[in-house]
Amino acid sequence: MTPDQERRLEVAGVPRQPEDEVNPWIGLRATLHGADFVSFAGTLRRFCARHESLRCMFVRREDGSFERRIIDPELIGFQPRHLGTFDDRGETFDAVMAELDDRTGPLSWPAATVLTVTEPNGDITVFAAFDHVTFDGYSAYLTMGELKQHLEAEINHAPLPAPVGSYVDFAVDQRAAQDAISPDSPALEPWRRAADVSGNLPGLPRATGVRRGDEIRHRLRFPTFAGPRLSQAFEDWCHQHRVPQPLAYTAVLLRAMVAEEDDAAITVLMSTHNRTRPEWHEAIGWFSGIVPMTVDVGRDLPLLEVIRRTAEAWQFGKTAETVPLPLANQLLGTSMRPATVLSFMDSRHVPGRDGWEEMDSTVFLGEVEPSDEMHIYINAMPYGMELAHRAPDTAPCTEFLDRVMGRMREQMTAVTRQVNDPMEALA
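None of these values were measured; they are calculated from a predicted model. The written sequence of each chain sets the order in which its residues are numbered from 1. Totals for whole chains, interfaces and linings use every residue, but because this is a predicted model, local features are given only for residues with pLDDT of at least 70 and side-chain atom pairs only at 80 or more, for both listing and counting. Hydrogens and waters are ignored; side-chain quantities use all the structure's heavy atoms.

Details of a negative patch on the surface
Let me state the cut-off plainly: Note on patches: the residues involved have over 30% relative accessible area and no salt bridge, like charges join within 9 Å, and the nonpolar side chains Val, Leu, Ile, Met, Phe, Trp and Tyr join within 5 Å. The accessible surface values rely on the Shrake-Rupley method and a 1.4 Å probe; as for residues, cover is taken only from the protein chains in view. Definition used for salt bridges: Asp or Glu carboxyl oxygen within 4 Å of a side-chain nitrogen of Lys or Arg. His is not counted, nor are the chain ends, whereas Lys and Arg count as positive and Asp and Glu as negative. The atoms used to mark charge sites are NZ of Lys, CZ of Arg, CG of Asp and CD of Glu. Numbering goes from the N terminus for both helices and strands, where a helix is a DSSP run of H or I of at least four residues and a strand is a run of E of at least two.
A surface patch of like charges, here negative, comprises Asp87, Asp88, Glu91 and Asp94. Position of Glu91 among the secondary structure elements: in helix α3 (residues 89-103).

Laid out in structure tokens, this is it:
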């Protein structure tokens, strides 16, 4: 297993009061037209057959360590269990969320929960939740399209699909790389420089009103900060200047975040998308890692210079991609915890994306522990650019993020001279 999985299992194994038990999960909703209980059970069987990580379970050994056991695809099967009948949609949703919260966790098997709601017209809407350390955001987008494909295969009595690249192989590769890391390894240097004098990472920007040590409930939002025309104009500008879009959007976001700060430098954790083998490009699992990145965006610099500085900081930060945060803390004797975590995802080209609208599908997250963290995902979608974020649910923090989106639009319109259509959904 990966270090992140091991830490998650250890935390989950510590006895806690029922009211303190929060099992962070990532989930999705999708309507499957033409499905019934029998065909949907077959759809799930095909999904698990294709992805080895969904056929895994962890068993604790006598010495406290964990053993991974993998079930053969031919042994997978599902039977429906009726939970109730609800006339009110709000009551139905609350019942679904409660079930997902109660049953999804790293010590349950298969660390996932799937519920179906039969609509009045006979359609089945699927709600699925997966323990977040066995399933990343890209996995959720892959799954939405894949469920439709598996349903069609089930109805047509096609053979079980061949497995894709194994997440277990990824865990083996990670462990092999990390066994070679020592306190003197150059790969630790980005983490060493990121830690402050207390051995932690800097907290959120002061303008959020959130301070280190705060325990604040989080809220998930998916606002679109740039519509399709402005997004396309900015993509054309990036192509003209030979700048990768993920890098350009990251630079725009960083400059917007520090615009109200006294210091022009900011330290964040940046996601690395570690599907480095072709066979992992369509694999389910937690492939995402994080590395520290400090950027001085300066004052009133041209956007291309800010992008150049961001690229330089990213190249240095990436040298730590084989060192997960738990290992960095162990080797450096630090107690670093995430604060600002950024990511870029291009969801326009995910396999199966063409079916998302028909299925009325979306991705959402379960409850997480109260904290002083903020996770921001720049997400390229067919209808524009989202600034999806899970952040402390306070007025100052929400207002800060809204101002950040406004500043991002201003930067994009300044270089593209493309006026954002006010009729497009912005926030």
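Concerning the sheet that holds strand β11 (residues 362-365)
Rules: At least two DSSP bridges between two strands are required for those strands to pair. As a rule, the C-alpha atoms of each element are fitted with a line to give its axis, helices using only the stretch in contact, and angles between N-to-C directions run from 0 to 180 degrees. Every residue pair with non-hydrogen atoms within 4.5 Å of one another is taken to be in contact.
Strand order across the open sheet formed by four strands is β4-β5-β1-β11, with antiparallel pairing between neighbours. Every other strand in the sheet has two partners, leaving β4 (112-118) and β11 as the edge strands with one partner each. Along the sheet, successive strands turn relative to each other by an average axial angle of 20°, direction set aside. Along the sheet face, α3 touches β1 (25-32), β4, β5 (124-131) and β11 and points at about 165° away from the line of β4. Lying on the sheet, helix α4 (residues 137-155) is in contact with β1, β5 and β11; it crosses β1 at an angle near 25°.

Digging into the pattern of salt bridges
Put simply, the rule is: Type-normalised accessible area, obtained with a 1.4 Å probe on protein chains alone, sets the label of each residue: buried when under 20%, exposed when over 50%, and partly exposed for intermediate values.
Under the definition given, this model contains 30 salt bridges. Asp360 is the partner of Arg29 in a salt bridge, and the nearest nitrogen-oxygen pair spans 3.4 Å. Separated by 331 residues along the polypeptide, Arg29 in strand β1 and Asp360 in the loop between α11 (356-359) and β11 bring together distant segments of the chain. For Arg29, a relative accessible area of 25% gives the class partly exposed. One salt bridge connects Glu235 with Arg348, and the closest N-O pair in it is separated by 3.3 Å. In this pair, Glu235 is assigned in helix α7 (residues 228-240) and Arg348 in the loop between β10 (340-346) and α11, connecting sequence segments 113 residues apart. Put simply, Asp296, Glu305, Arg308, Arg309 and Glu312 are held in one network by salt bridges that share partners.

Re the packing of aromatic side chains
So the rule is basically this: Under the pairing criterion, centres of Phe, Tyr and Trp rings, with the six-membered ring standing for Trp, must be within 6.5 Å; the plane angle then separates stacked pairs below 30 degrees from edge-to-face pairs above 60, leaving the rest tilted.
A complete count under the given rule lists 15 aromatic pairs for this structure. With 6.5 Å between their ring centres and 80° between their planes, Phe47 and Phe130 make a pair best called edge-to-face. Taken together, the residues Phe47 in helix α2 (residues 37-50) and Phe130 in strand β5 connect sequence positions 83 residues apart. Judged by relative accessible area, Phe47 falls into the buried class, the value being 3%. Overall, the relative accessible area of 4% leaves Phe130 in the buried class. Relative to Tyr249, the ring of Phe225 has its centre 6.2 Å away and its plane inclined at 75°; by these criteria the two rings are edge-to-face. One end of the pair, Phe225, is in strand β7 (residues 224-226); the other, Tyr249, is in helix α8 (residues 245-258), and 24 residues separate them in sequence.

Some points on the packing of helix α1 (residues 3-12) against helix α5 (residues 167-179)
Our working definition: Angles below 35 degrees are treated as roughly parallel, those above 145 as roughly antiparallel, those between 65 and 115 as roughly perpendicular, and all remaining angles as oblique. Put simply, Ala, Val, Leu, Ile, Met, Phe, Trp, Tyr, Cys and Pro go in the nonpolar bin, Asp, Glu, Lys and Arg in the charged bin, and everything else, Gly too, in the polar bin.
Interhelical geometry of α1 versus α5 gives an angle of 100° and a closest axis separation of 10 Å. Judged on the interaxial angle alone, α5 and α1 are roughly perpendicular. Contacts from Pro3, Gln5 and Glu6 of α1 reach α5 at Tyr167, Gln174, Arg175 and Gln178. Of the residues in the contact of α1 with α5, the class split is two nonpolar, three polar and two charged.

Quick word on the side chain of Asp131
Along the polypeptide, Asp131 turns up in strand β5. Judged by relative accessible area, which is 1%, Asp131 ranks as buried.

A word on the confidence of the model for the protein
To keep it simple, the criterion reads: Confidence of the predictor in every single residue is expressed as pLDDT, which spans 0 to 100.
Across the protein, the average pLDDT comes to 89, with 96% of residues at or above 70. For the protein, per-element mean pLDDT is lowest for α1, which scores 74, and highest for helix α9 (residues 303-317), which scores 97.

Some words on α8
Here is the rule we go by: For a helix, the expected span equals 1.5 Å multiplied by the number of residues minus one.
The end-to-end C-alpha distance of α8 is 20 Å, a good match for the 20 Å that 14 residues give at a rise of 1.5 Å each. For α8, the tally of buried residues reaches 13 of 14 residues, placing the bulk of the element in the interior.

Here we look at unusual backbone geometry
For His157, which is not a glycine, the phi torsion comes out positive at approximately 60°. For Asp300, which is not a glycine, the phi torsion comes out positive at approximately 60°. The exposure class assigned to Asp300 is exposed, which follows from its relative accessible area of 81%.

Details of α9
Inclusion rule: As used here, the arc is the angular range of directions from the helix axis to the C-beta atoms.
The end-to-end C-alpha distance of α9 is 21 Å, a good match for the 21 Å that 15 residues give at a rise of 1.5 Å each. Regarding α9, the residues found buried are Leu303, Val306, Ile307, Thr310, Ala313, Trp314 and Gly317. Along the axis of α9, the buried positions cluster into a sector of 125°, meaning they face one direction only. Residues of α9 that are exposed and angled more than 90 degrees away from the buried face: Glu312 and Gln315. Tucked inside the fold, the buried residues of α9 contact α6 (189-194), α7, α8, β8 (265-273), β9 (288-296) and α12 (395-416).

Some remarks on the nonpolar core
Put simply, the test is: The definition of a nonpolar core used throughout is a set of buried Ala, Val, Leu, Ile, Met, Phe, Trp, Tyr and Cys residues joined through side-chain atoms within 4.5 Å.
Membership of the largest hydrophobic core comes to 66 residues, with the highest contact counts inside it found for Trp191, Phe225, Phe234, Leu253, Met257, Met374 and Leu387. At 10 residues, the largest contribution of residues to this core is made by α8. Once you skip the residues sitting within four places of it in the chain, Leu387 turns out to touch Arg221, Pro223, Phe225, Leu253, Ile376, Tyr377, Ile378, Val404, Met405 and Met408. Counting 30 residues, the second-largest nonpolar core is a separate cluster that includes Tyr141, Leu142, Met144 and Met381.

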